[in-house]
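Here is what each chain is made of, one letter per residue.
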Amino acid sequence: MAGLKLVHLYKRYENSGKKKSIQNNYAVNDLNLECAQGEFLALLGPSGCGKTTTLRMTAGLEDITKGDIYIGDTRVNDLAPKDRHIGLAFEDYAMYPPMTVYENIAFNLRAKKVDKNEIDRRVREIAPLMQVEDILDTMPVKLSGGQKQRVNIARAIIRRPELLLMDEPLSHLDGKARQAMRVEIKRLINEIKCTTVYVTHDQLEAMSLADRIAIINFGVLQQVGTPAEVYDNPVNEFVASFIGEPPMNIMETKIIKKDGNFFFTFEGSDLNIHVPERYYSVIEDGFKCKMGVRPMDLLIGDENSKGTPERIATFENLGDERRIGIRVGNTLMMLITENERRYKSGDIIRLEVRGEKTHLFDLETGNRIREK
Amino acid sequence: MSRITLENIHKTFGKVKALDGVSIDVKDKEFFVLFGPAGAGKTTILNCIAGIAMPEEGVVKFDGEIINLVETAKRNVAMVFENYALYPQMTVYDNMASPLRSDLYRQNEDVIKERVYAAAKMMKMENLLERLPSQLSNGQKQRVAMGRALVRTPNVFLMDEPLAHLDAKLRNAMRTELKEMQANFGTTSIYVTHDFMEAMSLGDRIAIVNQGKIVQIGTPDDIYYLACNEFVAQLMGDPEINILSGLLRKNGDNYSFLSNGSEFVLPADAALMNKLAAYDGKSVDIGIRPQHVMYSFSKDAGYRDYQVYSYESIGNKSVIEAYPAGHSGRGDTHTHVRMIAPNGLTIKIDQLIYIDFKLDHTMFFDGSSKEFIGCYNEAGIRALSAGKEEA
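Quick caveat: nothing in here was measured; it's all calculated off a predicted structure.

Notes on the overall build of chain B
- When you go through chain B residue by residue, the secondary structure sums to 10 helices and 21 strands.
- Considering only C-alpha atoms, chain B reaches an extent of 75 × 45 × 45 Å along its principal axes.
- Taking all 391 residues of chain B together, the buried fraction comes to 56%.
- Considering only contacts in chain B between residues 6 or more positions apart, those separated by 24 or more positions represent 67%.
- Carbon together with sulfur atoms contributes 50% to the accessible area of chain B, which is approximately 16500 Å² in total.
- In chain B, 42 side chains carry a positive charge and 49 a negative one; their mean positions are 3 Å apart.

A word on the domain arrangement of chain A
Residue and element names in this part refer to chain A.
- The domain boundaries assigned to chain A delineate domain 1 (4-242) and domain 2 (249-369).
- The gap between the C-alpha centroids of domain 1 and domain 2 is 39 Å.
- Between domain 1 and domain 2, roughly 830 Å² of surface is buried when both sides are summed, and carbon and sulfur atoms account for 44% of that area.
- At the boundary of domain 1 and domain 2, one finds 1 salt bridge.
- The closest approach of N and O atoms between Glu237 and Lys290, which form a salt bridge, is 3.1 Å.
- Put simply, domain 1 and domain 2 have 6 residue pairs in polar contact (both at pLDDT 80 or more) between them.

Notes on the pattern of salt bridges
All names here are of chain B.
- Evaluation of the coordinates by the stated rule reveals 43 salt bridges over all chains.
- Between Arg3 and Asp25 there is a salt bridge whose closest N-O contact spans 2.9 Å. Of the two residues, Arg3 is situated in the segment before β1 (4-13) and Asp25 in strand β2 (residues 16-26); the sequence distance between them amounts to 22 residues.
- In this structure Arg3 comes out as partly exposed when scored by relative accessible area, which is 41%.
- By relative accessible area, which is 31% here, Asp25 ends up partly exposed.

Conventions adopted
- Per chain, residue numbering runs from 1 following the sequence as it is written.
- Chains carry letters from A onward and ligands carry numbers from 1 onward, assigned in written order.
- Local features are withheld for residues below a pLDDT of 70 in this predicted model, meaning they are given only at 70 or higher, and side-chain atom pairs are given and counted only at 80 or more; totals for whole chains, interfaces and linings count all residues.
- As a convention, hydrogens and water are excluded, and side-chain values are obtained from all of the structure's heavy atoms.
- Strands are runs of DSSP state E lasting at least 2 residues, helices are runs of H or I lasting at least 4, and numbering of each runs from the N terminus.
- Between buried and exposed lies partly exposed: a residue is buried under 20% and exposed over 50% of the maximum accessible area for its type, with that area taken using a 1.4 Å probe on protein chains only.
- Any two residues whose heavy atoms approach within 4.5 Å are treated as being in contact.
- Areas reported here follow the Shrake-Rupley algorithm with a probe of radius 1.4 Å; residue values treat only the protein chains shown as occluding.
- We score Asp and Glu as negative and Lys and Arg as positive, and we do not count His or the chain ends.
- One atom stands in for each charge, and that atom is NZ of Lys, CZ of Arg, CG of Asp or CD of Glu.
- These domain limits were set by an automatic method or by a database of domain assignments.
- Accessible-area loss on putting two parts together, using a 1.4 Å probe and summing over both, is the definition of buried area adopted here.
- We define a salt bridge as a side-chain nitrogen of Lys or Arg found within 4 Å of a carboxyl oxygen belonging to Asp or Glu.
- Pairs of N or O atoms within 3.5 Å make up the polar contacts considered here, provided that, within protein, one atom can donate a hydrogen while the other can accept it, and that residues adjacent in sequence are counted only when both atoms are side-chain atoms.

This is the structure in structure tokens:
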């Protein structure tokens, strides 16, 4: 087992000049990233952001335009995929249909001419771990999606790879199977303690599985951090809105000064939010920026509340929780509550905001404006 | 403007019984949700209403009038499909205008313009009217598909999983927007979904469909709190409700629930205890939602020993799944208990955790038939649900 290090990694596709959407025509743009030995790192971003390209370069399935990749202390740029000691599990299972599950799992070891008894020992060792003991003699065509993915992962880890690479392994599965499989993967990785890089576009998957998350957009690394760090301390508007469901409420605001205090004001709304004092050194009267606050950090005040009275635009009772939407200009600002009270649209609530949980973002760059 | 009634509808495809005696009664202007797993028969019900499928038995009525033999085109229904079905060569405006340019519903261009703009305003896409479908995002395409249904004044809107194509985030955002527009629809709507959040949020009433039958019809609160059986209880809510199997035994004036070697003394509730009397000494299941399971990291009185199976964030909160201490974590998943916890706890897999249940929030089910027996504060919940229905 080994760590992974990406140093000034670039990828440019030959025909990418035609695609205007990719900034600077680089699919991966100066990526520096480290995954410690035994760590579970998620590469997270929207489709086309370069996360799969990064994974494929690491696996050796894609040429590197510029930069270096190290697995452990070895620079692997020029090594063939088979010599990189990696395990791969992709979205489509790519099993050999005429072979049983057992033969599929054993295939890689047979190709490497490992001793027959040793192969059998290892297949039987890994089968209970992946809960495939009962289906070892089954043909792939008879398996459910979840079972196929289990076999797929078993096949990847039986080689005892230095590094396990997974690309959206759950995206074929539906809601509940996906959730169950997520738990299984987490327990498995915890057990075999393998260094893992996991590509996904689903922030929930990244948040629940990874030790650290690397968020990528347009080939550029935005932020690396633990799930809590990227959730509580996003570096820019992109990360703030990508992580979390429902996403952070982000609205354009003009800060005005009244009686020595600063307030966030919003066009087309009478909403007034006290600006936390920690921001006073970086703002001034008339300052324009974006304000972000998570739906969990908006509260319904009681009758003595000093919060702004706001009209409910939408009330959704979801059973486990209730969501309230309030129109602030063009934005529907969402609030989540576990309060059992049933409201209806048109009701007025006193809206309170956890000021300490607000974030400021630059209007143009989208970068976090931090207190000094 | 229509009341839609289905009476005892049967429909088979070859040997497969798609609908098996379906009866529903959708009130005028109601937003009615058909909810169930894939293959339950939801879409077939919609197709019977639209006239796309012909039931072998049973009647379909619009405002009391039997329309089984009326052609699809003359039923005046507007459908929205999962896969938008937009004309790629037409602008958004022309796509939306297309129903009003058909032979059957032809209007003059002034009326069309007025209706298209009104629908575009409701769907918040006035700025998209000149674009072609290829220049739209998936969310925008679905908006156009809905807008196209809104330009007419049909008897009923039929919507078949209109948000299912969208990714989780967009789906949630669109659902909330749909909720906001709903008040302006003013038309009977029947909405098919397999997403419980859409069903809960949008439905005035929900019909649970499974294996070609209607399992339960009720308000979202009815379905969530008074699920008619375990299947329905498990459909609503994420993470799924915990179901524990055990035995009921008389304990003084009240009852105890014995499960997995533990005894739970049930709190008093006269109405519920009356219902449970018939189950003394018999097997019952209790259903308890994850938000009503309490955990502790120290051994508090009444808490039971469990071990952590998994701890994972589901966004703004996390879920702990635990198994009875000493058992193997694998296999026996029906003894697992899921509970809600905040993000960012330091929890190791397989570590000890202590658990107790808020028993006064449990539902009781018959141990063999899995049918609903009763729950705590049932009268209060029925009042809450009825109040919502009037409003």
